[in-house]
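Tertiary structure, described
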Amino acid sequence: MAAGCGLFAGYPISPATEISEVLSRRLFGVGGIFVQGADELDSLAIVIGASCAGKKAMTATSGNGISLMQENIGYAAMTETPCVIVDVQRAGPGTGIATKSMQGDIYQVRYGSNSDYSIIALAPDSPQEMFDLTVEAFNLSEQYRVPTFILADELVGHMMEKVEIPPAEKIHVLNRKKPDVPPDKFVPFRAASDTDVPAMPSFGDGYALPISSFARNESGSPSTSMQVQHQLVTRLWNKVEKKADEIARIETEYLEDADVAVLSYGVPARSVHRAVQDARREGVKVGYVRLITIWPFPDRKIKEIAEGVKTILVAEMNMGKVVREVQRAAEGAAKVSLLSKPGVEAHTPLEVANALKGLGA
Amino acid sequence: MRHPALEYFRLDRPGSPNLWCPGCGIGQVWYYTVQAINELGLDHDKVVWVGGSGCSGRMCTYWYKDSMHTLHGRPLGFATGIKLANPELTVICHMGDGETSAIGGNHLIQTARRNVELTAICINNFNYGMTGGQYSPTTPLGGITMTSVEGSMEPPFDLCRLVEACGAGYVARWTSAHHRQIVNSIKEAIQKQAFAYVEVVSQCPTYFGRRNRLGDGAEMMRGFLKNSVTKERAQGMTEEALRGKYVIGKLVDRNVKGYSATLHEFAARHSSGV
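The following paragraphs examine the structure supplied in this document. These figures come from a predicted structure and were not determined experimentally. (Residues numbered from 1 in each chain as written. Chains lettered and ligands numbered in written order. Predicted model: local features only at pLDDT ≥ 70, side-chain atom pairs only at ≥ 80, totals over all residues.)

1. Some points on the overall build of chain A
On a plain count of helices and strands, chain A comes out with 13 helices and 14 strands. Against the compact-globule benchmark of 21 Å for 361 residues, chain A has a radius of gyration of 21 Å, which places it among compact chains. With respect to the principal axes defined by its C-alpha atoms, chain A has extents near 70 × 45 × 40 Å. A buried classification covers 55% of the 361 residues belonging to chain A. Of all intrachain contacts in chain A linking residues separated by at least 6 positions in sequence, the fraction that spans at least 24 positions is 77%. (Helix = DSSP H or I, 4+ residues; strand = E, 2+ residues; numbered from the N terminus. Rg over C-alpha atoms; globule rule 2.2 N^0.38 Å. Buried ≥ 20, exposed ≤ 12 C-beta atoms within 10 Å, placed from the backbone. Contact = placed C-beta atoms within 7 Å.)

2. Some remarks on the interface of chain A and chain B
Taken together, the contact between chain A and chain B spans 37 residues of the former and 37 residues of the latter. For the side of chain A that touches chain B, the secondary-structure elements that each account for two or more residues are β2 (33-36), α2 (40-52), α4 (70-79) and β8 (210-212) of chain A. The element that contributes the greatest number of residues to the side of chain A that touches chain B is α2(A), accounting for nine residues. Grouping the constituent residues of the side of chain A that touches chain B by class yields 22 nonpolar, 11 polar and four charged. (Nonpolar A, V, L, I, M, F, W, Y, C, P; charged D, E, K, R; others polar.)

3. Quick word on helix α6 (residues 159-166) of chain B
Residue and element names in this part refer to chain B. Along α6, the residues classified as buried are Leu 159, Cys 160 and Val 163. The buried residues of α6 occupy one face: seen down the axis, they fall within an arc of 100°. Of the surrounding elements, those touching the buried residues of α6 are α4 (97-103), α5 (105-114), β4 (119-124), β7 (170-175), β8 (196-201) and β10 (246-253). Taken from the residues just after α6, Gly 167 is the one with a positive phi, measuring 100°. (Arc of directions from axis to C-beta.)

4. So, the sheet that holds β7(B)
Sheet architecture is open: nine strands sit in the order β8(A)-β2(B)-β1(B)-β3(B)-β4(B)-β8(B)-β7(B)-β10(B)-β9(B), paired in mixed fashion. Edge positions in the sheet fall to β8 of chain A together with β9 (228-230) of chain B, since each of these pairs with one other strand and no more. Strand-to-strand, the axes of this sheet are offset by a mean angle of 20°, without reference to chain direction. Strands β1 (47-51), β2 (67-69), β3 (90-96) and β4 of chain B of the sheet are contacted by helix α3 (residues 75-85) of chain B, whose axis makes an angle of about 180° with β3(B). (Pairing = 2+ DSSP bridges. Axes fitted to C-alpha atoms, helices over the stretch in contact; angles between N-to-C directions.)

5. Some thoughts on the packing of α2(A) against α4(A)
Residues and elements named next belong to chain A. Relative to each other, α2 and α4 sit at 15°, their axes nearing to 9 Å. Between α2 and α4, the crossing angle belongs to the class labelled roughly parallel. Between α2 and α4 the crossing geometry is right-handed. Residues Leu 41, Leu 44, Ala 45 and Ile 48 of α2 lie in contact with α4, whose contacting residues are Glu 71, Asn 72, Tyr 75 and Ala 76. Taken together, the residues of the contact of α2 with α4 break down into six nonpolar, one polar and one charged. (Parallel < 35°, antiparallel > 145°, perpendicular 65-115°, else oblique. Left-handed = near helix turned anticlockwise from the far one by under 90°.)

6. Some points on the pairing of strand β1 (residues 5-10) of chain A
All names here are of chain A. Within β1, six of the six residues are buried, which leaves the element mostly enclosed by the surrounding structure. Across three bridges, β1 lies against strand β3 (residues 56-61) in parallel orientation. Among the inter-strand pairings, Phe 8 is bridged to a residue of β3, identified as Met 58. As paired strands, β1 and β2 are joined by four bridges and run parallel to one another. Bridged to Leu 7 within β2 is Ile 33.

7. A look at the sheet that holds strand β14 (residues 335-340) of chain A
Residue and element names in this part refer to chain A. Read across the open sheet, the five strands follow the order β9-β11-β10-β13-β14; overall the sheet is mixed. Strand pairing shows two members of the sheet lacking a second neighbour, β9 (250-253) and β14, which therefore form its edges. Each strand axis lies, on average, 20° off the axis of its neighbour in the sheet, ignoring direction. As paired strands, β9 and strand β11 (residues 286-291) are joined by four bridges and run antiparallel to one another. Looking across to β11, one finds that Thr 252 is bridged to Val 289.

Below is the structure:
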């Protein structure tokens, strides 16, 4: 609501339902629209349709729900329709444990729909960040015309903490760029050369906007030409991946003289932070790295960190996902180890401390 | 002579002017829709065409104003989003029989039940044409298709009765041979402030017609006329006598409240103006 969300559509699913419940009571009060979708496909279809008609829109889901949304996620990516999807990750696979935590959907939000496209995903570690990053997700989604995910843990979804909501004038809100040419000069999918992002009018603006998830040329006409396909897919990829340094945010502490960096995201980062502080008090040279942005992956920043330490320990609530990205980005500059915990509860500070001892730190 | 439809047609699309087979009924419905829009005097910039995937789904891609070509079976979800976001827009959704009744069946049921103010036009040609003619939930029992070469073994769906049972405000069925009646029904559907469903029984001479020896497009249309039964006449006929017939006419027209209007009125009442 602070970011200007004008429509929410979602299907009940634990542990994301609370978002629906609250918005069903609050959204109408700011002139917005709440819809309980008939299922996850219906929900995201309504969100994408609403976005094309000019409303900022979002949905929230989890587990099986994010699996069901994949077709529409690919549609939103291909049609470059801004939308925000909150995935409050539950333990899986399958139905899993609906009320317990796991960071299992890292790759699913990035690569879940068919073929090559790009998205943005943010991982909050607190209720405060659920608020802050949702505003940021809307802004990024509008700026880059991509589906943007809040990749939350069940633990943060069910966490109660103080949240400070800034006054409206202090909240930075971005809106999609509308065409600055008259309709007869408008080329629907011609991107500005510096951003790779085309301007987007809304239905009803008089710009004859042809939305389709066919491969298409700049005028929006379907095409099977190799040249058109290559240009389109490269642009859809580059508009996010080439801006990774600008988009991707990480948080670091104690890295200056660290031999080991412990990297994590979401709720496990809270335990890692505690374990790193404790280790520092004992004189252990250990640093703290938290990814706020998961996708696009902060390759360059991770490489820099890897060059400054001997080992990066990745703590995540799954069998090892982000660790692969860290290995790739580190390019052998540091040894990369995994502290895996496949869900239910986050790592405890003691588990992180023991893993550090195991590394000889 | 230039076809009057071309004025409203995107001519830069593949297979220009369009990709439909000779004798197909989809082009007819395309033009009937434009005629309805023009006769109502609508501002074309405020009319959004939505489609799914398949032969009928392509209709929206040729509309020269705003259009949304969506996923197979899902156009009604997207169309709902458009209407809720901007109720001033007229949203017209063209769908094939396969996506309307099979993969998109639940979307049809829910959109009709909610009574979203949309015009949904189903072009029912009894098979999946784009993929080469497979049986769909509306293929008649015994109908020959590429996946039912010995004849379909599934009883067909009567989608008008389904939509009626869901509570839709407006339901009509015609065949592609009923030009004027279809235009009038689409006009009524657009004006109806509720979910309006218009089914057009149509010919696919390339696949369904050829495999079932129903003749070319014109021959199939003559067959439609011969087998059409008005709603009034059908009331006195047995199920047995109605087999293979098309019950045509305005089947439902009732006063119901539209979904978008309900939500927006609620929002207006509760909005604190923040």
